[in-house]
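Residue-level structure breakdown
If you want the building blocks of each chain, they are given just below.
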Amino acid sequence: MKLLIRYNLPERLLIYATMSIVLPFFISGPIIFMILLILMYQKRDSLLEILKTLSPWLVFFVYAEVVALLNYNFLGALLPLGFLLFALFFWIYRQIIKRDLFVLLMKILSIESGLISIHAISTYFKFIQERSLPWTYIITEASPQFRAESFFFNANYFGLYIVMAMVITIYWFTIAKNKWEYALVLLILSLNSISVILTASRMLIPTVLIGAFVILWFNYRRIAIAFLTLGMVGLVVIILNPSIFPRFESLAYGFEDRFMIWSNGWAIFKTRPLTGRGPLAYINFYYLVTNEADMHSHQILIDFLANYGIFGLLIFVNALTPFVRTLIEQLREPSKKKDLALLMAMGVLVLVHGLMDVSIVWLQTGYVFLLIASSPIEAFDYQTK
């Protein structure tokens, strides 16, 4: 509690929101919504100005809403409203956040990832004990009945959160000053690594390797090269002996399944190539091309095109361009290297994982990503202790 006294109410609300994010979405969602309402009330005099600043993104949200309604995609029409609320939350967040608070939020996410990793591990051991299974069950079983998800919607969302948290924990390592911090970081990374295995998600291994390499490259290049070398050796070992990692023996089947879903997503895109069919196009229009439903196209670009079409992609790129321009400008600032390394690593991580899944479009994973991507690094005071 003494720690919180140094922060004002809006800053404490951001801390509470971040602490709640690992809870089930039906709990964390309402908490964040209530916090947003309080923040909007506090910023009520500047809301109109905030909306004006958000105008490029508002164009995209309105476009997505119109496309969804024109396609009678009423379920998908709810998503742009959620996007708008997220945009408001994080634009207000930009007005509040300072570097010392940002660092604290990153440490909270890291510690929470360790706690839910313990929960995932204990759940796994409870599962195997109840069924008298060996502790190696998750590795030896081609189609395990257990995949760690902790308090998340499914194993893929949980896995992406853990991988993001691992990159954040490496960031903590780069700014740590005390021996106990280094010890805690190593413990959290160890717990997270076990959780990654327990998700039995094939894409997480290359994702975390690349994400970790990027953040290490900006900070410790020799360690980054050694890490990448060990990682590549590990991948080769897994490819030569796929039984040492969950579900790698069925990798060929996994790719075959993904190719089919990508093909279906691309076929849905081609039914409305210019405008798309609105958010959640796959689950709402799969019947046009296949009899098998799925939540999305399991590939971020294909899913985006199916949802918003070529026009939507152009509007999105236009809204994103100022952020990219600012990021490039900040890369020349040595004092901001560690924070920028985290941002770059998180962006690469999402793109790599997006090659095989669309888990970033979810409350918890989206919150963590935007907490970093929305931080005004260019305005941070790097003299803050």
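Up top is the structure.
Below is a short write-up of the structure. For every chain, the first residue of the written sequence is number 1, and numbering continues from 1 onward in sequence order. Where local features are concerned, this predicted model is filtered to residues with pLDDT of at least 70; where side-chain atom pairs are given and counted, the filter is 80 or more; whole-chain, interface and lining totals use all residues. To get the side-chain values, all heavy atoms of the structure are used, and hydrogens and water are removed first.

1. Some details on the overall build of the protein chain
Note the following rule: The numbering of helices and of strands both runs from the N terminus, where a helix is a DSSP run of H or I of at least 4 residues and a strand a run of E of at least 2. The quantity called the radius of gyration is restricted to C-alpha atoms. Its globule counterpart is 2.2 Å times the number of residues to the power 0.38. Residue contacts are counted whenever heavy atoms from the two residues lie within 4.5 Å of one another. Per-residue accessibility takes into account occlusion by the displayed protein chains alone, with areas from the Shrake-Rupley method and a 1.4 Å probe. Two residue types count as positive, namely Lys and Arg, and two as negative, namely Asp and Glu; His and chain ends fall outside the count. Lys charges are placed at NZ, Arg charges at CZ, Asp charges at CG and Glu charges at CD.
Of regular secondary structure, the protein chain possesses 17 helices and zero strands. Taking 385 residues into account, the globule formula puts the C-alpha radius of gyration at 21 Å, and the protein chain, at 21 Å, falls close to it. Dimensions along the principal axes, computed over C-alpha positions, put the protein chain at roughly 60 × 60 × 40 Å. Pairs at least 24 apart in sequence give 75% of the contacts found in the protein chain among residues at least 6 apart. When the accessible surface of the protein chain is totalled, it reaches about 18900 Å², and 69% of it is carbon and sulfur. In the protein chain, 29 side chains carry a positive charge and 22 a negative one; their mean positions are 8 Å apart.

2. A look at the packing of helix H9 (residues 155–175) against helix H10 (residues 179–199)
The geometry of a pair of packed helices is captured by two quantities: the angle between their axes and the separation between those axes. The criterion, for reference: What counts as an axis is a line fitted to C-alpha atoms, over the stretch in contact for a helix, and the angles between N-to-C directions run from 0 to 180 degrees. Oblique is the label for any angle not under 35 degrees, not over 145, and not in the 65 to 115 range, which are roughly parallel, roughly antiparallel and roughly perpendicular in turn. The crossing is said to be left-handed when, going from far helix to near helix, the turn is anticlockwise and less than a right angle, and right-handed when the turn is clockwise. Three classes are used, and their members are as follows: Ala, Val, Leu, Ile, Met, Phe, Trp, Tyr, Cys and Pro are nonpolar, Asp, Glu, Lys and Arg are charged, and the others, Gly among them, are polar.
Direction vectors running N to C along H9 and H10 enclose 160°, while the axes themselves pass 9 Å from each other. Taken together, the axes of H9 and H10 are roughly antiparallel relative to one another. Here the hand of the crossing between H9 and H10 comes out left-handed. Residues Ala155, Phe158, Gly159, Ile162, Val163, Ala165, Met166, Thr169, Ile170, Trp172 and Phe173 of H9 pack against Trp180, Glu181, Tyr182, Leu184, Val185, Ile188, Leu189, Asn192, Ser193, Ser195, Val196 and Thr199 of H10. A per-class count over the contact of H9 with H10 returns 16 nonpolar, six polar and one charged.

3. Thoughts on the packing of helix H7 (residues 99–130) against H9
The contact between H7 and H9 brings their axes to 9 Å, and the two run at 130°. As judged from the angle between their axes, H7 and H9 are oblique. Where H7 crosses over H9, the handedness of that crossing is left-handed. Tallied by class, residues from the contact of H7 with H9 come to 15 nonpolar, four polar and three charged.

4. Let's talk about helix H5 (residues 55–70)
Our working definition: Multiplying 1.5 Å by the residue count of a helix minus one yields the expected span of that helix. We call a residue buried when its accessible area falls under 20% of the maximum for its residue type, exposed when it is over 50%, and partly exposed in between, using a 1.4 Å probe and counting protein chains only.
Its 16 residues give H5 an end-to-end C-alpha distance of 22 Å, which sits within 8% of 22 Å, the value for a rise of 1.5 Å per residue. Among all positions in H5, only Phe60, Phe61, Tyr63, Ala64, Glu65, Val67 and Ala68 are buried. Against helix H6 (78–96) and helix H15 (300–330) lie the buried residues of H5. Two residues or fewer after H5 comes Tyr72, characterised by a positive phi angle close to 55°.

5. Side note on the side chain of Ser113
By the element assignment, Ser113 lies in helix H7. Apart from the residues within four sequence positions on either side, Ser113 is in contact with Tyr161, Ile162, Ala165, Ile188 and Asn192.

6. Focus on the side chain of Asp357
Inclusion rule: N or O atoms within 3.5 Å of each other form a polar contact, as long as, within protein, one can give a hydrogen and the other can take it, and as long as residues adjacent in sequence are counted only when both atoms are side-chain atoms.
Residue placement: Asp357 occurs in the loop between helix H16 (337–353) and helix H17 (363–373). Polar contacts involving the side chain of Asp357 include one to the side chain of Asn156, which spans 3.3 Å. Non-local contacts of Asp357, meaning those with residues more than four positions away in its chain, are made with Asn156, Arg258, His296, His298, Gln299 and Ile300.

7. Topic: H16
Here H16 contains 17 residues, and its C-alpha end-to-end distance of 24 Å stays within 8% of the 24 Å for a straight helix at 1.5 Å per residue. Burial in H16 covers these residues: Asp339, Leu340, Ala341, Leu342, Leu343, Ala345, Met346, Leu349, Val350, Val352 and His353. Where H16 is buried, its residues touch H7, H9, helix H11 (204–219), H15 and H17.

8. With respect to a nonpolar patch on the surface
Cut-off, in case you're wondering: Patch membership requires more than 30% relative accessible area and the absence of a salt bridge. Residues of like charge join within 9 Å; the nonpolar side chains Val, Leu, Ile, Met, Phe, Trp and Tyr join within 5 Å. Salt bridges are counted wherever a side-chain nitrogen of Lys or Arg sits within 4 Å of a carboxyl oxygen of Asp or Glu.
Taken together, the side chains of Leu23, Phe25, Phe26, Ile27 and Phe153 make up a nonpolar region of the molecular surface, amounting to roughly 460 Å² of accessible area. As for its position among the elements, Phe153 is in the loop between helix H8 (137–140) and H9. Judged by relative accessible area, Phe153 falls into the partly exposed class, the value being 44%.

9. A look at the nonpolar core
Under the convention used in this document: Among buried residues, the Ala, Val, Leu, Ile, Met, Phe, Trp, Tyr and Cys ones that are joined through side-chain atoms within 4.5 Å form a nonpolar core.
By size, the foremost hydrophobic cluster in this structure holds 102 residues, and its most contacted members are Phe89, Met106 and Leu342. At 15 residues, H9 tops the list of elements feeding residues into this core. The contact partners of Leu342, leaving out residues within four places of it in the chain, are Phe102, Met106, Val167, Ile168, Tyr171, Ile215 and Ile372. Core analysis: the next-biggest nonpolar cluster, separate from the first, contains eight residues, Ile268, Phe269, Tyr282 and Ala306 among them.

10. Observations regarding the pattern of salt bridges
Summed over all chains, the structure comprises three salt bridges. Residue Asp339 pairs with Arg99 through a salt bridge whose shortest N-O separation is 2.9 Å. You can see Asp339 sitting in helix H16 and its partner Arg99 sitting in helix H7, a full 240 residues away along the chain. Asp339 gets classed as buried once you look at its relative accessible area, which sits at 1%. Residues Glu130 and Arg131 are paired through a salt bridge, measuring 3.5 Å at the closest nitrogen-oxygen approach.

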